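# Coordinate analysis (summary)
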Amino acid sequence: MDNRDMMRRYGIVALVVVILLVIFGIGNQHAYFMTRVDQQEVGVRFRGGRIVEVVGPGVYNDVALYADLKKVSSEAVHFSVEDPEVITSDRQRIGLKVSGDVFRPGVANAEQLRQLWPLYHGLFLSDEALRARVNDLALQSMKVCVGDRTFNDNVIGTARDEVRICIDEAID
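Overview of the structure. (Residues numbered from 1 in each chain as written. Predicted model: local features only at pLDDT ≥ 70, side-chain atom pairs only at ≥ 80, totals over all residues. Heavy atoms only, no water.)

## Remarks on a negative patch on the surface
- Residues D90, D153, D161 and E162 make up a contiguous surface patch of negative charge.
- Following the sequence through the fold, D90 ends up in the loop between β6 (77-87) and β7 (93-102).
- Judged by its relative accessible area of 37%, D90 falls in the partly exposed class. (Patch = residues over 30% accessible without salt bridge, like charges linked within 9 Å, V, L, I, M, F, W, Y side chains within 5 Å. Areas by Shrake-Rupley, 256 points an atom, 1.4 Å probe, with all protein chains shown as cover. Salt bridge = Lys/Arg side-chain N within 4 Å of Asp/Glu carboxyl O. Lys, Arg positive; Asp, Glu negative; His and termini not counted. Charge placed at Lys NZ, Arg CZ, Asp CG, Glu CD. Helix = DSSP H or I, 4+ residues; strand = E, 2+ residues; numbered from the N terminus. Buried < 20%, exposed > 50% of the residue type's maximum accessible area, 1.4 Å probe, protein only.)

This is how it looks when you write it as structure tokens:
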């Protein structure tokens, strides 16, 4: 085997490698293969930037123009916020802590997920973004719900349930 044959073989191998890299680079935008959606996730399938389908757990493949599969966690996202000085309508200071769990729409609420995706896709994809947004809403609702009532209306008896309901509705 002479140098020409050796150079030709190296050239062919290099050409095949370049072609494969181009195919995988282009294929990344147009396909996904063996992409797994876990039990605690919901998959949102896209083609050409539009939602095609909301799917449950499983393994999915697609080849299309700009095909993509985004995974949305269906697990609870816990939040907890505390404000040591919320002022009531009669200018009394009370401390308040609000905590709870937030759930994203699942397969059963596929239509809701489709409708809300343009506005809230960042919150669907990131637990931290969702937690930060809910923390902000909870802090604001604490100030509004407690600030509209007197000290006694906030801390005595069944009025406490009214404050909880007010905060729940504001966060929702």
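So, next bit.
## Quick notes on the pattern of salt bridges
- Counted according to the given criterion, the structure contains 10 salt bridges.
- Between D83 and K143 there is a salt bridge, with the nearest N and O atoms lying 2.6 Å from each other. Here K143 lies in helix α3 (residues 127-147) and D83 lies in strand β6, a separation of 60 residues in the sequence.
- The partly exposed category is assigned to K143, whose relative accessible area is 41%.

## Details of the packing of helix α2 (residues 110-125) against α3
- The geometry of α2 relative to α3 is characterised by a closest axis approach of 4 Å and an angle of 110 degrees between their N-to-C directions. Accordingly, the angle class assigned to the pair α2 and α3 is roughly perpendicular. Mapping the contact onto sequence places Y120, G122, L123 and L125 in α2 and D127, A129, L130 and R133 in α3.
- Classifying every residue of the contact of α2 with α3 gives five nonpolar, one polar and two charged. (Axes fitted to C-alpha atoms, helices over the stretch in contact; angles between N-to-C directions. Parallel < 35°, antiparallel > 145°, perpendicular 65-115°, else oblique. Contact = heavy atoms within 4.5 Å. Nonpolar A, V, L, I, M, F, W, Y, C, P; charged D, E, K, R; others polar.)

## Notes on the pairing of β6
- Direction of pairing for β6 relative to β7: antiparallel, over a ladder of nine bridges. In the sheet register, D83 faces β7, and the bridge partner there is L96.
- Taking the residues between adjacent antiparallel strands as the criterion, β6 and β7 are bridged by five residues, where R91 takes a positive phi near 65 degrees. (Pairing = 2+ DSSP bridges.)

## Quick look at the environment of V86
- Here V86 is to be found in strand β6.
- The exposure class assigned to V86 is buried, which follows from its relative accessible area of 1%.
- Between the C-alpha atom of V86 and that of E169, which follows or precedes it by 83 residues, the distance is 19 Å.

## What about a nonpolar patch on the surface?
- Residues F33, M34, V59 and V63 make up a contiguous nonpolar surface patch of about 460 Å² in total accessible area.
- Broken down by secondary-structure element, the contributors of at least two residues to the nonpolar patch are β1 (31-37) and β4 (58-63).
- Tracing the backbone shows V59 in strand β4.

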